[in-house]
Amino acid sequence: MEGTESTSRERTAGGDGKQDVDSMVLLSNKPLHRFVRKEPRSFGIVLVIFGCAEILMGFHLGSEDAPTSQSIYIPFWQGFLFVVCGSLSIHTEIHPSKKMVTTCLAMYVISLLGIIVSGGFRISCILQYQFLTWFYHSDHWDFYRAKQISGIEGLLLTSSLCALALLIFLCVITSAALRSTRTQVLVQHIAAPQRDTTSN
């Protein structure tokens, strides 16, 4: 009877130890779950939409003879970056891991740098087309064509600024999750209770 009780206690202790290990692992992954609770998949879907819009508009701008953002292929490489960032955000929410979060952060930073470059170039294109609309004011066809291209560039610039805000937010929560993913294990040694031996 005593042997059965001791065995059951050992199993209970073993089960409690396993639960402690599971809770420890859960605590170590808790910052990643905080990142997942921010729903990066929703932001990823929006980034994919922005990326597809960039790529589609790139084909339209490619047929223009006038200098546009297509001159340095901005719609294609920026749209590709948006699609990659969005796909990584969607995948990271489904399969969260520290490696994937680090990859997401790297792509977010690269996309932010790309938006800065494309934004400066598109602002110069818009200013140039504003001058062309004044220059072609007498020619209605060239006037409306310049206004149309300027409107497309302005629309793409606005979408890039919206994506910029999303990427900054994702960078903040991603970096916060990576800074918090540090597993701290505390090992406590408990001495076994001493038994009083009485000499007969």
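Residues numbered from 1 in each chain as written. Predicted model: local features only at pLDDT ≥ 70, side-chain atom pairs only at ≥ 80, totals over all residues. Heavy atoms only, no water.

**Let's talk about the pattern of salt bridges**
For the coordinates displayed, the defined rule picks out 3 salt bridges. Its salt-bridge partner being Arg-41, residue Glu-93 comes within 4.0 Å of it at the nearest N-O pair. Residue Glu-93 is found in helix H4 (residues 74–94), and its partner Arg-41 is found in helix H3 (residues 40–62); the two are separated by 52 residues along the sequence. In this structure Glu-93 comes out as buried when scored by relative accessible area, which is 16%. Measuring nitrogen to oxygen at the nearest pair gives 2.8 Å for the salt bridge that ties Arg-122 to Glu-54. Of this pair, Arg-122 sits in helix H5 (residues 98–135) while Glu-54 sits in helix H3, and the two are 68 residues apart along the sequence. (Salt bridge = Lys/Arg side-chain N within 4 Å of Asp/Glu carboxyl O. Helix = DSSP H or I, 4+ residues; strand = E, 2+ residues; numbered from the N terminus. Buried < 20%, exposed > 50% of the residue type's maximum accessible area, 1.4 Å probe, protein only.)

**Section: a nonpolar patch on the surface**
Together, Val-109, Leu-113 and Ile-116 make up a nonpolar patch on the protein surface, roughly 290 Å² of accessible area in all. Within the fold, Val-109 resides in helix H5. (Patch = residues over 30% accessible without salt bridge, like charges linked within 9 Å, V, L, I, M, F, W, Y side chains within 5 Å. Areas by Shrake-Rupley, 256 points an atom, 1.4 Å probe, with all protein chains shown as cover.)

**Some remarks on the side chain of Gln-78**
When you line up the elements, Gln-78 lands in helix H4. Residue classification places Gln-78 among the buried residues on the basis of a relative accessible area of 1%. Polar contacts involving the side chain of Gln-78 include one to the side chain of Ser-160, which spans 2.9 Å. Ignoring any residue separated from it by four or fewer positions in sequence, one finds Gln-78 in contact with Glu-54, Gly-114, Ile-115, Ser-118, Arg-122 and Ser-160. (Polar contact = N/O pair within 3.5 Å; in protein donor to acceptor, adjacent residues only side chain to side chain. Contact = heavy atoms within 4.5 Å.)

**Comments concerning the packing of aromatic side chains**
Scanning the model with the defined rule gives 2 aromatic pairs in all. For the ring pair Phe-43 and Phe-169, a centre distance of 5.3 Å and an interplane angle of 55° mean the geometry is tilted. One end of the pair, Phe-43, is in helix H3; the other, Phe-169, is in helix H6 (residues 140–180), with 126 residues separating them in the sequence. Given the relative accessible area of 21%, Phe-43 is considered partly exposed. For Phe-169, a relative accessible area of 34% gives the class partly exposed. Seen in terms of ring centroids, Phe-59 and Phe-76 are 5.1 Å apart; in terms of plane orientation they differ by 80°. Their pairing is edge-to-face. With a gap of 17 residues between them, Phe-59 in helix H3 and Phe-76 in helix H4 connect regions that are remote in the sequence. Residue class for Phe-59 comes out exposed when judged on its relative accessible area of 56%. (Phe/Tyr/Trp six-rings, centres within 6.5 Å; stacked < 30°, edge-to-face > 60°.)

**Focus on H4**
For H4, spanning 21 residues, the distance from its first C-alpha to its last is 30 Å, which sits close to the expected 30 Å at 1.5 Å a residue. Buried within H4 we find Ile-74, Pro-75, Gln-78, Gly-79, Leu-81, Phe-82, Cys-85, Gly-86, Leu-88, Ser-89, Thr-92 and Glu-93. (Expected span 1.5 Å × (residues − 1).)

**Things to note about the packing of H3 against H4**
Where H3 meets H4, the axes come as close as 7 Å, and the angle between the chain directions of the two elements is 160°. In terms of their interaxial angle, H3 and H4 are classed as roughly antiparallel. Viewed along their axes, H3 and H4 form a crossing whose handedness is left-handed. Here the residues of the contact of H3 with H4 sort into 18 nonpolar, 9 polar and 3 charged. (Axes fitted to C-alpha atoms, helices over the stretch in contact; angles between N-to-C directions. Parallel < 35°, antiparallel > 145°, perpendicular 65-115°, else oblique. Left-handed = near helix turned anticlockwise from the far one by under 90°. Nonpolar A, V, L, I, M, F, W, Y, C, P; charged D, E, K, R; others polar.)

**Concerning the environment of Gly-114**
Following the sequence through the fold, Gly-114 ends up in helix H5. Residue classification places Gly-114 among the buried residues on the basis of a relative accessible area of 8%. For Gly-114 and Ser-160, which are 46 residues apart along the polypeptide, the C-alpha to C-alpha distance reads 9.8 Å. Sequence-distant contacts of Gly-114, that is, excluding residues within four places in its chain, are made with Trp-77 and Gln-78.

**Some remarks on the confidence of the model for the protein**
Put simply, the protein has an average pLDDT of 76, and 66% of its residues get 70 or more. Here helix H1 (residues 2–28) stands out as the element of the protein with the lowest mean pLDDT, 43, in contrast to H4, whose mean of 93 is the highest. Predicted confidence is poor over residues 1–28, with pLDDT under 50, and the contacts of this stretch with residues over four places away or in other chains come to 2 contacts. Predicted confidence for residues 183–190 stays below pLDDT 50, and this span has 2 contacts to residues more than four positions away or in other chains. (pLDDT = per-residue confidence, 0-100.)

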